[in-house]
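Observations on chain architecture
So you can see what is in the structure, the chains are spelled out below.
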Amino acid sequence: MCICFGFLSLVFAVFNLSVNNLHLVGGLEVGFSLLCLYIFKHSQKHYPKRWHAIIMCLAISLIVLCGTYLAPLKNGLFLWTFILPILYYLLLGRRYGLILSSALLFLQLMVLSQKLPHSSFSAFNIGLNLLFVYISIWAISHVFEGNRADFSKRLKNLALLDPLTGAGNRLSMNQYFEVELRDKSQLYLFLLDLDYFKQINDQYGHEVGDKVLVELATLLRVTFAKGYVFRVGGEEFSLMSNFDSPQAALAIAEKLRLAIQNKHIIANGETIKLTASIGVVQYQQQSLSELIDLADKQLYKAKETGRNEVCTDILVHG
Ligand SMILES: Nc1nc2c(ncn2[C@@H]2O[C@H](COP(=O)(O)OP(=O)(O)OP(=O)(O)O)[C@@H](O)[C@H]2O)c(=O)[nH]1
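Residues numbered from 1 in each chain as written. Predicted model: local features only at pLDDT ≥ 70, side-chain atom pairs only at ≥ 80, totals over all residues.

**Looking at the confidence of the model for the protein chain**
With 98% of its residues at a pLDDT of 70 or more, the protein chain has an overall mean of 91. Under the prediction, the complex receives an ipTM of 0.96, its pTM being 0.72. (pLDDT = per-residue confidence, 0-100.)

**Description of the domain arrangement of the protein chain**
Per the domain assignment, the segments of the protein chain are domain 1 (2-160) and domain 2 (170-312). For domain 1 versus domain 2, the separation of C-alpha centres amounts to 50 Å. (Domains from an automatic or database assignment.)

**Some thoughts on the environment of Phe237**
Its location among the elements puts Phe237 in strand 3 (residues 236-242). Overall, Phe237 belongs to the buried group, with 26 C-beta atoms counted inside 10 Å. Considering only alpha carbons, one finds Phe237 and Ala259, 22 residues apart in sequence, at a separation of 15 Å. Once residues lying within four places of it in the same chain are set aside, the contact partners of Phe237 are Ala167, Leu192, Leu220, Val229, Phe230, Arg231 and Val232. (Helix = DSSP H or I, 4+ residues; strand = E, 2+ residues; numbered from the N terminus. Buried ≥ 20, exposed ≤ 12 C-beta atoms within 10 Å, placed from the backbone. Contact = placed C-beta atoms within 7 Å.)

**Topic: the packing of helix 7 (residues 197-204) against helix 8 (residues 206-223)**
Running from N to C, helix 7 and helix 8 point in directions that differ by 135°, and their axes come no closer than 6 Å. Classified by the interaxial angle, the pair formed by helix 7 and helix 8 is oblique. Counting all contacts with helix 7, which are made through Phe197, Ile200, Asn201 and Tyr204, the residues of helix 8 involved are His206, Val208, Gly209 and Val212. A class-by-class count of the residues in the contact of helix 7 with helix 8 yields five nonpolar, three polar and no charged. (Axes fitted to C-alpha atoms, helices over the stretch in contact; angles between N-to-C directions. Parallel < 35°, antiparallel > 145°, perpendicular 65-115°, else oblique. Nonpolar A, V, L, I, M, F, W, Y, C, P; charged D, E, K, R; others polar.)

**Some thoughts on the pairing of strand 2 (residues 228-231)**
One ladder, built from four bridges, connects strand 2 with strand 3; its direction is antiparallel. Opposite Arg231, over in strand 3, you have Phe237 as the bridge partner. From the end of strand 2 to the start of strand 3, which pair antiparallel, there are four residues. (Pairing = 2+ DSSP bridges.)

**A look at the environment of Arg154**
Topologically, Arg154 is positioned in helix 5 (residues 121-160). You can call Arg154 exposed: it has 10 C-beta atoms within 10 Å.

Written as structure tokens, this is what we have:
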């Protein structure tokens, strides 16, 4: 898109500078071409930045507004106004699309009211038609972008959330660890596994087992509100958060263990009691799979020593 707009803008710049004598508009168009070139170069090496899209939209709007004001209407430069709502919604989403489209409409109406002859009925007719075309394109862009955003959110949820519990899945854990979590200096990972969950399934049935998993995930999210909860296996959850100290991390792990122990789930008129084993490790420059392996060792230790335990390899001083 940058290449396409940059090239078009350069062609118009040459035309406006050499034939139309619109030096300001031509200059702006040359500037816009250079901006497009810069953004194109940047986006080849890095993820595109949001301010690039904002600057691009503002720059092209300025060119269209200046062009409409300075060039004779018969040049048709103002027709570019109609693609701008599409561009705003495409590049900036619904909120900015709405704000910029209304601002552009207001400014273009001011500019055109200076340029269209006031008394002429045909000018009034043209103005009205242009207004309705603009509003129609704007409305279509708004609805289309709304549908696209909802659809993309639903797809993202399908890809990243565990459908049963609503907790993040393995993929979202990887994404969180590798991309979103920038400061890992105080990161701790808990691996939590329900004890004797097979017995619950066997005794009460799979549906009740599912209900237990859903309630457990809710309890984890509430008790571990500071961090992120992912379901990484049948009845196994991984939790990640930064803590000020190992003591603080272990205190929360213990709080989780007690909350699960005190949780009573009613199913088929019976009360189901739960316990969980938890392995806690601190991040020290390992990869995610290495960190999980370490946490798994601690979890195994907790299972071995009788379950309903928190185990860790962190040395706590004092
Ligand atoms: N209801 C339900 N059960 C599941 C789901 N995923 C895995 N399971 C069950 O979870 C149980 C896990 O059993 P085990 O690995 O033996 O673990 P456990 O009985 O909790 O024993 P320990 O972990 O050693 O304390 C199996 O019975 C699986 O069928 C699920 O989505 N829903």
